[in-house]
Amino acid sequence: TRTPVNVTVTGAAGQIGYALLFRIASGHLLGADVPVKLRLLEIPQGLKAAEGTAMELDDCAFPLLRGIEITDDPNVAFDGANVALLVGARPRTKGMERGDLLEANGGIFKPQGQAINAHAADDIKVLVVGNPANTNALIAQAAAPDVPAERFTAMTRLDHNRAISQLAKKTGVAVSEIRRLTIWGNHSATQYPDVFHAEVAGKNAAEVLNDEAWLADEFIPTVAKRGAAIIEARGASSAASAANAAIDHVHTWVNGTADGDWTSMGIPSDGSYGVPEGLISSFPVTVKNGAYEIVQGLEINDFSRARIDASVKELAEEREAVRALGLL
Ligand code: NAX
C-alpha cells in the first residue's frame, strides 16, 4: 500500500476550499489509488468553519482520506507537505490601491514561502490560486531559496478551461476536440488566450474561425472578464470552477499532459518567448514524469506579440512594486 501524500490547503474555510477539499479527498487530485492526508491552514477566525468542513469530510467516509489536521500555524501546515494549494489571500477591498493589495498579500505569502522552505517535503509542488496569483507565487518562491524555483506555480488553468469552452461553443465541437490552447501572461484582465496554435477537431483554430475581429472583440474579453461576469450572475466569485481548475492543474503536473496536447501554467520564466527570466508568467507547457517543459518554437505573430508583451509588462511592474516593498 502507498504512503499517503500530504496535501496542504490554505484558505480551507473559504468558498473555493469548500469546493476543493472533497475532490482532493475523493482521489481526483492525485489519482484513484493515492491516499491523502489533508492539512488545512486558516487564520484564527476561519478555524471553526474549517472544523465544520472537516466534520463533513469525515462524514463522507472517503476510503483514500487518511487524516485531517487543522491549524493556523504555517509551520505546522506545511510540515512534510508534498503538495500545497495556496488559496487563502487578501481580497481587494473598496478604495484599496494596488500597492496596498500587494503589501497585504506579501504579509501572507512571504511567511508561507518561508514555512515551505523550512518544513515541506523535498518533492513539494506549490500551486498559488489566491490573487494576485502570479505575484503571490513570486513572493512565496523568493522566500523559499532552498526549494527549486520551478516548484512554485500560479493558476491560469481556469482561464485555459474558460477559453476552451468558449472556443468549443463558437465552433460547434465538443470541448474534447479542442487542443493546444494557450494562456499567456498574468492571471488578470491582461491575460492573452491564444488560439493561433490551437486545434479544433484537428484543424488550426485561427483558420477555422477566420475572424480576427471576433478574437479581439469577443473571445479575448469574454475569457478575460469571465470572473466579473460570474460575480455579476451568481452574486459570488467563481468557486467550483476555480476548485476544478486547481484539481486539473495539479493532476496534470503529477500525471502528465496527453500526447499531442499541452496545457497552461503560470511558471517561473526561463526567458522563453521574450518573457523576462524569473517572472511567473503563463506559458504553454507539456508535462511528463512530474516535470513540465515550455513548448518551444511556436511562431508568435504580431497580434499575439502585442498582447503577450502587454501582460508581461504588467507582471514586470508587479515585480518592481513588490521589490520596492522589500518582499523579494
Ligand atoms: P474566500 O474569501 O471565500 O476564502 C478565502 C479564505 O482564506 C478565507 O476563509 C480566509 O479566512 C482564508 N485566509 C485568509 N488569509 C489567510 C492566511 N493568511 N492563511 C490561511 N488562510 C487565509 O475566497 P475564495 O472565493 O475561496 O477565493 C480565494 C482566492 O482565490 C481569492 O484570492 C480569489 O481572488 C482567488 N481566485 C483565483 C482564481 C484563479 O484563477 N487564479 C480564480 C478564482 C478566485 O477568484
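Definitions and cut-offs
- Residues numbered from 1 in each chain as written.
- Predicted model: local features only at pLDDT ≥ 70, side-chain atom pairs only at ≥ 80, totals over all residues.
- Heavy atoms only, no water.
- Near = heavy atom within 4 Å.
- Polar contact = N/O pair within 3.5 Å; in protein donor to acceptor, adjacent residues only side chain to side chain.
- Areas by Shrake-Rupley, 256 points an atom, 1.4 Å probe, with all protein chains shown as cover.
- 1 Å grid on protein atoms, 1.4 Å probe; cavity = no way out; pocket = protein on both sides within 12 Å on 5 of 7 lines; lining within 4 Å.
- Sits in = over half its atoms within 2 Å of the grid points.
- Helix = DSSP H or I, 4+ residues; strand = E, 2+ residues; numbered from the N terminus.
- Pairing = 2+ DSSP bridges.
- Expected span 1.5 Å × (residues − 1).
- Contact = heavy atoms within 4.5 Å.
- Buried < 20%, exposed > 50% of the residue type's maximum accessible area, 1.4 Å probe, protein only.
- Right-handed = clockwise from strand over helix to strand, strands pointing away.
- UniProt positions renumbered as here; feature names shortened; annotations may be inferred.
- Salt bridge = Lys/Arg side-chain N within 4 Å of Asp/Glu carboxyl O.

## Points about the site of the ligand
Every one of the 22 residues lining the ligand counts as a neighbour, but Gln-15, Ile-16, Glu-42, Val-129 and Asn-131 are closest to it. Here an oxygen atom of the ligand sits 2.8 Å away from a polar atom, N or O, in the side chain of Asn-131. Relative to its unbound accessible area of 880 Å², the ligand is 79% covered by the protein chains. Most atoms of the ligand, that is more than half of them, are within 2 Å of grid points of the largest pocket. Counting only elements with at least two residues in the shell around the ligand, the list comes to α1 (15-25) and α4 (98-119).

## Description of the sheet that holds strand β11 (residues 203-204)
Pairing is antiparallel across the open sheet formed by three strands, whose spatial order is β7-β10-β11. Sheet topology places β7 (178-179) and β11 at the edges, where each strand pairs with a single neighbour. Across two bridges, β7 lies against strand β10 (residues 199-200) in antiparallel orientation. Its bridge partner being in β10, Arg-179 is matched across the sheet by Glu-199.

## Digging into helix α2 (residues 47-59)
Here α2 spans 18 Å end to end across 13 residues, near enough to the 18 Å set by a 1.5 Å rise per residue. Lining the buried residues of α2 we find α1, β2 (36-41) and β3 (65-71). Within two residues after α2, Ala-61 carries a phi angle of roughly 50 degrees, on the positive side.

## Comments concerning the pairing of β2
Burial analysis of β2 places five of its six residues in the buried class, the great majority of the element. Strand direction decides the pairing type here: strand β1 (residues 5-10) and β2, joined by six bridges, are parallel. Residue pairing across strands places Val-9 opposite Leu-40, the latter belonging to β2. The parallel pair β1 and β2, bridged by α1, forms a crossover whose chirality is right-handed. Strand direction decides the pairing type here: β2 and β3, joined by five bridges, are parallel. In the sheet register, Leu-40 faces β3, and the bridge partner there is Ile-70. In this region the chain leaves β2, passes through α2 and returns to the parallel neighbour β3; the handedness of that crossover is right-handed.

## A look at the UniProt feature "binding site: substrate" (unreviewed entry) in the protein
Listed under "binding site: substrate" (unreviewed entry) in the UniProt record, and renumbered for this structure, are Arg-92, Arg-98, Asn-131 and Arg-162. For the annotated residues, spread through 71 residues, the largest C-alpha to C-alpha distance comes to 25.8 Å, inconsistent with a single compact locus. Narrowing the list just given to those that line the largest pocket leaves Arg-92, Arg-98, Asn-131 and Arg-162. Beyond its immediate sequence surroundings of up to four residues, Arg-92 is in contact with Glu-97, Arg-98 and Leu-101.

## Here's the deal with the UniProt feature "active site" (unreviewed entry) in the protein
Taken from the UniProt record, the annotation "active site" (unreviewed entry) applies to His-187. Structurally, the position occupied by His-187 is in the loop between β8 (182-184) and β9 (192-194). Judged by its relative accessible area of 21%, His-187 is partly exposed. Discounting chain neighbours no more than four positions away, the residues touching His-187 are Asn-131, Asn-134, Met-155, Thr-156 and Asp-159.

## Remarks on the pattern of salt bridges
Inspection of the entire model under this criterion finds six salt bridges. Ionic pairing is found between Asp-159 and Arg-162, a salt bridge with its closest N-O pair at 3.7 Å. Here Asp-159 and its partner Arg-162 are both found in helix α6 (residues 157-171), three residues apart, which amounts to about one turn of the helix. Relative accessible area serves as the criterion here: at 12%, Arg-162 is assigned to the buried category. Ionic pairing is found between Arg-305 and Asp-309, a salt bridge with its closest N-O pair at 3.0 Å. Taken together, the residues Arg-305 and Asp-309, both in helix α11 (residues 302-324) and four residues apart, mark about one turn of the helix. By relative accessible area, Asp-309 is classed as partly exposed at 37%.

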